[in-house]
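Geometric and topological summary
Chain by chain, the residues run as shown.
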Amino acid sequence: ASYVAVPMVKDTAKEAAAMLQANQPFSRALVKRAAEMGTTPEALGTEFLSTNGMLSHATWLDTIQRLTNRWQHTQGVGEIPSWARTQAGAAAAQFKMFGLKQSQLMWDDVLQPIVEGIRTGDKSLRDLGLARLGRTAYLGMPANAAAAGLRSVASGRLPRGASLLRSAVTGPTGIVGD
């Protein structure tokens, strides 16, 4: 995941620097992307400009670690819903925590920007969500269907179309399609 984060951090810093140089306000999409990295557009843009495009080692580590932690779905005790900490809840939610976290990530990173962008008329936020939805469809869905097909073949079964379709939808979206 950290390899994917590198160009995201650099692109966000470049865009923030360009907005600072042009004395333009930051779009809500840029603010959201920076917040997901645990920083602000002002901080990224200012550092990018003051160092001729070379972000500090600490900035790289902090932003990449923050993004990787969001994407890897590590589960802290305080993040487990109270219902899942009971015996019945733990049994019902067994092996579902990844799906719950992925569904929350899909809402926070894809659907909420689309909804908020439409509601407020903010094109940058809407376009951010739509671009992420498009990447999920053309990268995530085929990869998950292929993984399901390979699992079937490895277990000695032929892949079924319905199983591949379900895997394509439920993989990137968490339990939304489960």
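Residues numbered from 1 in each chain as written. Predicted model: local features only at pLDDT ≥ 70, side-chain atom pairs only at ≥ 80, totals over all residues. Heavy atoms only, no water.

1. Some points on the nonpolar core
Rules: By nonpolar core is meant a set of buried Ala, Val, Leu, Ile, Met, Phe, Trp, Tyr and Cys residues that side-chain atoms within 4.5 Å join together. A simple rule labels every residue: compare its accessible area, found with a 1.4 Å probe on the protein chains alone, to the largest value its type can have, and call it buried under 20%, exposed over 50%, or partly exposed in between. Here a residue-residue contact requires only that any non-hydrogen atoms of the pair lie within 4.5 Å.
Ala5, Val9, Ala13, Ala17, Met37, Leu44, Phe48, Leu55, Ile64 and Leu67 form the largest nonpolar core, which has 10 residues in total. Leave out the neighbours within four places in its chain, and Ile64 touches Ser2, Ala5, Val6 and Val9.

2. Considerations on the pattern of salt bridges
Basically, it comes down to this: Salt bridge, as used here: a side-chain nitrogen of Lys or Arg that lies within 4 Å of a carboxyl oxygen of Asp or Glu. Segments assigned H or I by DSSP are reported as helices when at least four residues long, segments assigned E as strands when at least two residues long, and all are numbered from the N terminus.
Taken as a whole and judged by the stated rule, the model has 11 salt bridges. In this structure, Glu36 engages Lys32 in a salt bridge whose closest nitrogen and oxygen atoms are separated by 2.9 Å. You can see Glu36 and its partner Lys32 sitting in helix α2 (residues 28–36), 4 residues apart, about one turn around the helix. A salt bridge links Arg119 to Glu116; the nearest nitrogen and oxygen atoms lie 2.5 Å apart. Pair noted here: Arg119 and Glu116 are both in helix α6 (residues 97–120), with a separation of 3 residues, about one helical turn.

3. Concerning helix α4 (residues 57–72)
Here is the rule: To estimate how far a helix should extend, the number of its residues minus one is multiplied by 1.5 Å. Here the arc refers to the directions that run from the helix axis out to each C-beta atom.
In a regular helix each residue adds 1.5 Å, so 16 residues correspond to 22 Å; α4 covers 22 Å between its end C-alpha atoms and thus fits that length. Among all positions in α4, only Thr59, Thr63, Ile64, Leu67 and Thr68 are buried. In an axial view of α4, the angular spread of the buried residues amounts to 145°, which keeps them on one side of the axis. Exposed residues lying more than 90 degrees from the buried face of α4 are His57 and Asp62.

4. Points about unusual backbone geometry
Phi is positive for Asn23, close to 55°, though the residue is something other than glycine. Relative to the assigned elements, Asn23 resides in the loop between α1 (2–21) and α2. According to the relative accessible area criterion, Asn23 is exposed, its value standing at 70%. One non-glycine residue, Asn52, adopts positive backbone phi at about 55°. Along the chain, Asn52 falls in the loop between α3 (41–50) and α4. Among the residues examined, Asn52 registers a relative accessible area of 74% and is labelled exposed.

5. With respect to the environment of Leu30
For Leu30, the position within the fold is in helix α2. What Leu30 contacts, discounting residues up to four positions off in sequence, is Thr12, Glu15, Ala16, Met19 and Pro41.

6. A word on a nonpolar patch on the surface
Formally: Within this analysis, patches are made of residues with over 30% relative accessible area and no salt bridge. Like charges are joined at 9 Å or less; nonpolar side chains (Val, Leu, Ile, Met, Phe, Trp, Tyr) at 5 Å or less. All accessibility values rest on the Shrake-Rupley procedure with a 1.4 Å probe; residue burial counts only the protein chains present in the view.
Judged by side-chain polarity, Trp107, Leu111 and Val115 come together as a nonpolar surface patch covering roughly 260 Å² of accessible area. Within the secondary structure, Val115 is located in helix α6. Overall, Val115 belongs to the partly exposed group, its relative accessible area being 47%.

7. Brief notes about the packing of α2 against helix α7 (residues 123–154)
Threshold: Axis lines are fitted through C-alpha atoms, for helices just across the contact stretch, and the angle between N-to-C directions can take any value from 0 to 180 degrees. Reported orientations rely on four angle classes, namely roughly parallel under 35 degrees, roughly antiparallel over 145, roughly perpendicular from 65 to 115, and oblique for the rest. For this scheme, ten residues count as nonpolar: Ala, Val, Leu, Ile, Met, Phe, Trp, Tyr, Cys and Pro. Four count as charged, namely Asp, Glu, Lys and Arg, and the remainder, Gly too, count as polar.
In contact at an axis separation of 7 Å, α2 and α7 are set at 55° when each is read in the N-to-C sense. Relative to α7, α2 is oriented oblique. Touching Arg28, Ala29, Lys32, Arg33 and Glu36 of α2 are Ser124, Leu125, Leu128 and Arg132, all from α7. Looking at the contact of α2 with α7 residue by residue, the classes come out as 3 nonpolar, 1 polar and 5 charged.

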